[in-house]
Every structure is written in structure tokens, then in C-alpha cells.
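# Architecture and fold: a report
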Amino acid sequence: MGSRAGGNAVDDLWSAIIAEEEEGRYDQPQEPKIAVVYRRKTAPKVTHKSNARTGRASIAVASCVDYRPQQIKPKRKKPAIPRGKSEQPPNYDMEKAYFQDVDSFELLEESPSPKKSGTWTMGIQNDKIALSHLSSALEKWLITKKLNFSCGPSGSLSKILETPALREAYRRGYGFGSSSLKIPPLQIHSGLHSVQNRFDSGVVDRDVFARRISSRKSSQEIQDMDEEGCQDIEAGVRNLCLTSQHSSLDGLYLDPLVALLTVCGMSAPSTLLEVFSDYCGPESIVKLGEGTYGEAFKAGKAVCKIVPFDGDLRVNGEVQKRSEELLEEVILSLTLNRLREHGDDVYNACTTFIETIALRVCQGTYDAALIRAWEEWDWKHGSENDHPNQFSDQQCYVVFVQEHGGQDLESFVLRNFDEACSLLVQVTTALAVAEAAYQFEHRDLHWGNILLSRKDSTTLEYILKGEKIYVKTFGLVISIIDFTLSRINTGEDILFLDLSLDPAIFEGPKGDKQSDTYRKMREVTEECWEGSFPKTNVLWLQYLVDMLLLKKSFDQTSKDERDLRSLKKRLNTYDSANEASSDPFFKDLFVSHATAVRGKVLN
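Sequence order as written defines the numbering, with residues in each chain counted from 1. Where totals are concerned, whole chains, interfaces and linings use all residues; where local detail is concerned, this predicted model gives features only for residues with pLDDT of at least 70, and gives and counts side-chain atom pairs only at 80 or more. Computation of side-chain values: all heavy atoms of the structure, hydrogens and water removed.

This paragraph deals with the sheet that holds strand β13 (residues 450-454). For two strands to be treated as a pair, DSSP must find at least two bridges joining them. Helix numbering and strand numbering both begin at the N terminus, where a helix is a DSSP run of H or I of at least 4 residues and a strand a DSSP run of E of at least 2. Taken together, the three strands give an open sheet; going across it, the order is β12-β13-β16, and neighbouring strands pair in antiparallel fashion. Only two strands of the sheet have a single partner each, and these edge strands are β12 (407-408) and β16 (476-480). Pairing of β12 with β13 involves two bridges; the strand directions are antiparallel. The partner of Gln407 across the bridge, within β13, is Leu452. Contacting β13 and β16, helix α13 (residues 417-438) crosses the sheet at an angle of about 40 degrees to β16. The contact definition used throughout considers only heavy atoms, calling two residues in contact when any of these lie within 4.5 Å. Lines fitted to the C-alpha atoms define the axes, with helices restricted to the stretch that makes contact. Angles between their N-to-C directions range from 0 to 180 degrees.

Here the term buried applies to any residue with accessible area under 20% of the maximum for its type, exposed to any over 50%, and partly exposed to those in between, with areas from a 1.4 Å probe on protein chains only. The buried count for strand β10 (residues 356-363) comes to seven of eight residues, which makes it a mostly enclosed element. Sheet analysis places β10 next to strand β11 (residues 396-403), joined by seven bridges and oriented antiparallel. By the bridge assignment for β11, Arg360 is matched with Val399.

Our next topic: helix α12 (residues 368-381). The terminal C-alpha atoms of α12 lie 20 Å apart, and with 14 residues this matches the ideal 20 Å at 1.5 Å per residue to within 8%. Buried residues of α12: Ala369, Leu370, Ile371, Ala373, Trp374 and Trp377, and no others. Contacts from the buried residues of α12 go to α10 (272-276), β7 (286-290), β8 (295-299) and β9 (302-309). In this analysis, the expected span of each helix is defined as 1.5 Å times one less than the number of residues it contains.

Right, let's get into the packing of aromatic side chains. Centres within 6.5 Å make a pair out of two Phe, Tyr or Trp rings, where for Trp the six-membered ring is used; the pair is then stacked when the planes are under 30 degrees apart, edge-to-face when over 60, and tilted otherwise. Under the criterion given, the structure shown has 13 aromatic pairs. Relative to Tyr397, the ring of Phe391 lies with its centre 5.6 Å away and its plane at 90 degrees, an arrangement referred to as edge-to-face. Counted as over-ring charges are cases with an Arg CZ or a Lys NZ within 6 Å of the ring centre that also lie within 35 degrees of the ring normal. Taking NZ or CZ as reference, Lys305 lies 4.8 Å from the ring centre of Phe400, over its face. Across the ring face of Tyr293, the terminal group of Lys321 is positioned such that the distance to the ring centre comes to 5.1 Å.

Okay, the pattern of salt bridges next. Basic side-chain nitrogens of Lys or Arg form a salt bridge, by our definition, when they fall within 4 Å of a carboxyl oxygen of Asp or Glu. Counted by the stated rule, this structure contains 17 salt bridges. Between Glu325 and Arg322 there is a salt bridge, with the nearest N and O atoms lying 3.7 Å from each other. Across the pair Glu419 and Arg454 runs a salt bridge, and its minimum N-O distance is 3.0 Å. Of this pair, Glu419 sits in helix α13 while Arg454 sits in strand β13, and the two are 35 residues apart along the sequence. A relative accessible area of 34% means that Arg454 is categorised as partly exposed. Each member of the salt-bridge network shares a partner with another, and the members are Lys287, Glu290 and Glu295.

Moving on, we come to the confidence of the model for the chain. Looking at any residue, its pLDDT shows the predictor's confidence there, from 0 to 100. Counting all residues, the mean pLDDT for the chain is 74, and 59% of those residues have values of 70 or more. Confidence over residues 40-65 falls short of pLDDT 50; this stretch has 24 contacts with residues more than four positions distant or in other chains. Considering only residues more than four positions removed or in separate chains, one finds that residues 107-254, a stretch of pLDDT under 50, has 297 contacts.

A few words now on the packing of helix α9 (residues 256-263) against helix α11 (residues 323-337). Interhelical geometry of α9 versus α11 gives an angle of 20 degrees and a closest axis separation of 9 Å. Our classification of the angle between α9 and α11 gives roughly parallel. For the pair α9 and α11, the crossing hand works out as left-handed. Contact residues: Pro256, Leu257, Ala259, Leu260 and Val263 in α9; Ser323, Glu324, Leu326, Leu327, Val330, Ile331 and Leu334 in α11. By residue class, the composition of the contact of α9 with α11 is 10 nonpolar, one polar and one charged. Small angles under 35 degrees read as roughly parallel and large ones over 145 as roughly antiparallel, with 65 to 115 read as roughly perpendicular and the rest as oblique. Left-handed describes a crossing in which the near helix is turned anticlockwise from the far one by less than a right angle; the clockwise case is right-handed. Each residue is assigned to one class: nonpolar for Ala, Val, Leu, Ile, Met, Phe, Trp, Tyr, Cys and Pro, charged for Asp, Glu, Lys and Arg, and polar for all the others, Gly among them.

To continue, consider the state of the cysteines. Defined by distance alone, a disulfide is two cysteine sulfur atoms within 2.5 Å. Scanning all chains against the criterion turns up zero disulfides. Cys280 carries a free sulfur, and the closest cysteine sulfur to it, the one in Cys304, is 7.3 Å from it.

Our focus in this paragraph is the sheet that holds β10. Spatial ordering of the open sheet is given by β7-β8-β9-β11-β10, a layout of five strands whose pairing is antiparallel. If you trace the sheet from one side to the other, it starts and ends with β7 and β10, each paired once. Going from strand to strand, the sheet's axes swing by 25 degrees on average, the running direction of each strand aside. Packing against the sheet, α9 makes contact with β9, β10 and β11, and its axis sits at approximately 145 degrees to β10.

The element strand β14 (residues 459-464) is extensively covered by neighbouring structure, given that six of its six residues are classed as buried. With burial as the criterion, each face of β14 is covered, one bearing Thr459, Glu461 and Ile463 and the other bearing Leu460, Tyr462 and Leu464. Pairing analysis gives six bridges linking β14 to strand β15 (residues 467-472), with the strands arranged antiparallel. What sits directly across from Glu461, in β15, is Tyr470. From the end of β14 to the start of β15, which pair antiparallel, there are two residues, and Lys465 there has a positive phi angle of about 55 degrees.

Across the eight residues of α9, eight count as buried, placing the element largely inside the fold. Regarding α9, the residues found buried are Pro256, Leu257, Val258, Ala259, Leu260, Leu261, Thr262 and Val263. Two residues or fewer after α9 comes Gly265, characterised by a positive phi angle close to 75 degrees.

Once that is clear, we can look at the environment of Gly300. Inspection of the secondary structure assignment puts Gly300 in the loop between β8 and β9. With a relative accessible area of 26%, Gly300 lands in the partly exposed category. Spatially, the C-alpha atoms of Gly300 and Glu403 are 10.0 Å apart, while their sequence positions differ by 103 residues. Ignoring anything within four residues of it in the chain, the contact list for Gly300 reads Tyr279 and Cys280.

This is the structure we're talking about:
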């Protein structure tokens, strides 16, 4: 009985506890349920055979999970294909039509470029857009050809190309019969420095052109360029490969040689002897000097610099220049010719940069008279260049016909300190003028690229930013030559040579002033050779002072030498030739207008 009574007491206790829990169930927050859900997991890699055989089921525990059986939705059945019919591919005609409409949309205006702006023309509408810089003249030439030429030429570059020498070349028709050829006037489109590539029928005589440059193109490729191709300019530029020598568009052969011929006022190459015969007889041709890429010969009162291009044969161990490179050098030379103009409305002018009298494209071997002149110079001086008799009859050249500027600084004998000062002030002022006019940098002004001659006049006139400046010459006149490495902003484009593509130029011996200057230029430009860094002109002025101190001998006092050393030190503080021209060293070398008139101004 006692045990039963004890059991009843326990039951009553449990009943009381349960009743209390039932009463407080709704007063307290409910705790989340813990459910056990069974589901298959990807079987891990096992090492025990028992697990692998049985396919062990994994148990996952989650809170607040509805573990009731889920209803499975029936899958949508694919309609059966009727008997005798195959499944048709999806039709995207609507999508294709949409994207064709998008592709055919004419984009008339783009975001402005930070570099420059050009003009596309379409019908009678002129919308200014930005043209990105094209380092290759061939691409610019292609774009020019594709533009609508109703907008008219650019005034500035038209004047550059229409020099008296080139107009004379048009009239005379070097190297071909005038009866079979028609040469159009040169035309430059605004925004581009390359020449017009729109030739009328009969511009290039097919027989003459094919005979002269048959190795480069077939007669089918030489066609008249008309306006039909203007609709495909975008495709043409995309397909243009700068690493190859040519591209085709609409069946046209887009050869930069044609553009080079046009700039030179020609429709077909002539021979070297035909060019020289315009200035002297064959027997009077004399070689004057040589460079890595060409030879210089005296022809009467002119100098003809012969530069081979586009050939497979290496010249003096170097790959020949491409016609695109020479096209830009030709444009640069003609641009600097503009600085020779003097007048009341001229803002910048000087005559220190060598005058380019004419430009010719030639083809064939060196003539016997040139071979004789070359061998005579080799016998006297010992040439470092390859013998020119290796050129084939298909070799092409550009001949720069320039004024005779005298002897180079390396071989010229300076008489006294006054002449040394005259050299420095003329070079510095000329660079300052070119900087102001065209953001010009020579970038290779070693003593082989400065020519000197003696004249009667004792003063020389410059115009810098509208102000006339007169400098003492002491009878010495300077000419700056060779613009191969130069950088210039024509106002429509920037011409430059990317020296990073020729790392050997920076590998000269340490301590060599010329090699050191190339390396200093690389530091100043930080390999951005397209940019404007007039400090490079100052580096070459320092080089010239070094040459006067270390390599040239002339009458000077110890004070004169100290003045030169002080000038070199102060040049470190200048960032352009324009700033350097205000150095105290040049103060006494500038004279007034009245003094210049009395001293017979040379301009």
C-alpha cells in the first residue's frame, strides 16, 4: 500500500508539472523546432569497402525546416514532332534585322580627342570630330582619300607643299613625257598632314608607272582613285596593316610610294642622273659626305642627299627606311622651309635651317658618274659605307636637293672665340624660333649636322614671336641639317620618330658626349617620343659647348673658357632653347636694328 501511495504521489507531482507547463505555453516564446531531414549527398571518396558498398546516407540537421513531403510538379512535355517532318532550326531573322539597322547607323560625331581634331564631311554637313594620332603616314593618306573633298584644302599645308621648287617640278615633269602625264594640284585636307589621294583619270600613266615600278605592283593595281570607295573607309582603316608594305581596298593598291611621288610633284620615278643633270654636268659631280642611311653629293651650287628606301637589301648593316618614314621627313623639311619667309605678317622666321630646293623620287642603279665620285671620295677618305654598285635596277631613292650649307662643324676650322659665340647664338636662336613656330626638337644635333660657311654680312635677322632680332655673325653663317630624328607639330599633325624602336642608339660608350646626350634625352622624354620636350634642344646646346671646349681649337683666353663652362652649367636650369636665348652669355651678341642695317643684314 505504501508503495502504491508513493506512486500516486509521484503521478500527482508529474500531473502538476504538466499542468503548469500547459498554462505557461502561450506566455513564453516558442523555441525553434529541430528537425531531422534525410537527404542524399555526393558520396565522398572512401577508403573503407563497407561504406562504398552500402552507399552511406548522410544526415543533415536544420532548424525551422518544413520536412513534410513536397509535391513534385510535372515537367512540361515537348510537343511531338509530326511524322515525316524534321525539327526546324531556330529563326533569328528579327534579331538579325535589328542589328543590321544598328550597324548601318551613321555615326557623325564622336567624343573629342585630347590630341587634336579633324573634320569628317558628309554631304553638305561639316561635323568636327576627333581623329586619333596616326603614326603612319599611310593610314592618314588612306583617310584623306576617303574624305569628301568638297570642303576644300587646308591653307597652311597647301602653302607648304606649293613651294616654288615644287611648282617648277610640276611644269618640267622630271623623268617622263609631259604629253602622257597629267599632274593634279596638291591638296591637303584639314586635320591631316598627308597629301590628297584623289587622282582624276589620267593622273598616273599606267604604262609609264608600271614600267618604272613593275616589281612593286601590277598594272591592275594602278587604277584611278574615285569617290566610289568613300563608303568603306572604316573597313579600309581596320584592314590597313602598318607592318606590311601595302594594303588593298576596293581593289585599289594603297602604296605610300604614290603619296611620296605626289608630294614631290611627280607621277613616276626618274633616274638619279636625270635629277643631277638639272644642276650640273655628270663630270662635275663630287661626293661631299656620307651617313648611315645615305650619301651626299655636290651638284653645282646644290647638294643632293640620296636616301634609299623600301628595298630588301641592307644598307651599311641597317634595314632601309620605309616610304612612310621618308614621307614624314619630306613633310617636315617642307614645313621648316616656311620659316624662311620674311614679312610684316610673319610671326616666326629664320634662315638657319637648311633650305630644301626640291625633292625627287628616283629608281634604278647608281649611274657611272656617281660611282666615280663615290670611289674618288673613298680613295681619299676611306668610306665606312657599302659600295653603291650593289643596288639593283629596282631600288628606289628619295633625293633631297638642298642648298650648299658649307662644311660640318667637325671639319670646319674656327678662327677665334667670336666665331664660337656666333655658332652658339645662331643655333640657340634658330631652335627658339622653331620651338615657338612648330614645337620643334631636332634630337640629333651633333657636330656633323651643323654646317658653317663664311659670308660678307655681319648680322643675321630672326623673327621670334613677332619680334625682330638681330645677332652678330662675325661673317659666319650656320645651317642646321638632317631632320631624321626630329619632332615637329605642323599644326595639323605631330611628326616624330619613336627612338625606343632603335635601342642601339642608347648603347654608345659611356663618356662619349653624343651617346650620353641620347641617353639624357631618353630620361627627359621618359620614352614618350611623341610628346613635346624642348629640354632636348637644351641638351644638344650643352653638347655643342662640350665640343667647343674639348674638341675644337681656336684663339681664346682663359676668361673665354670660363665663360663657356659657366654657360654649360647655367644651361642645366633652362627647359627650352627659348629660355636659353635669354642667358647673359648672349647679351652682347644681340644688336639693335640700326646697328644691323649698318652692318648689312643677311636674311
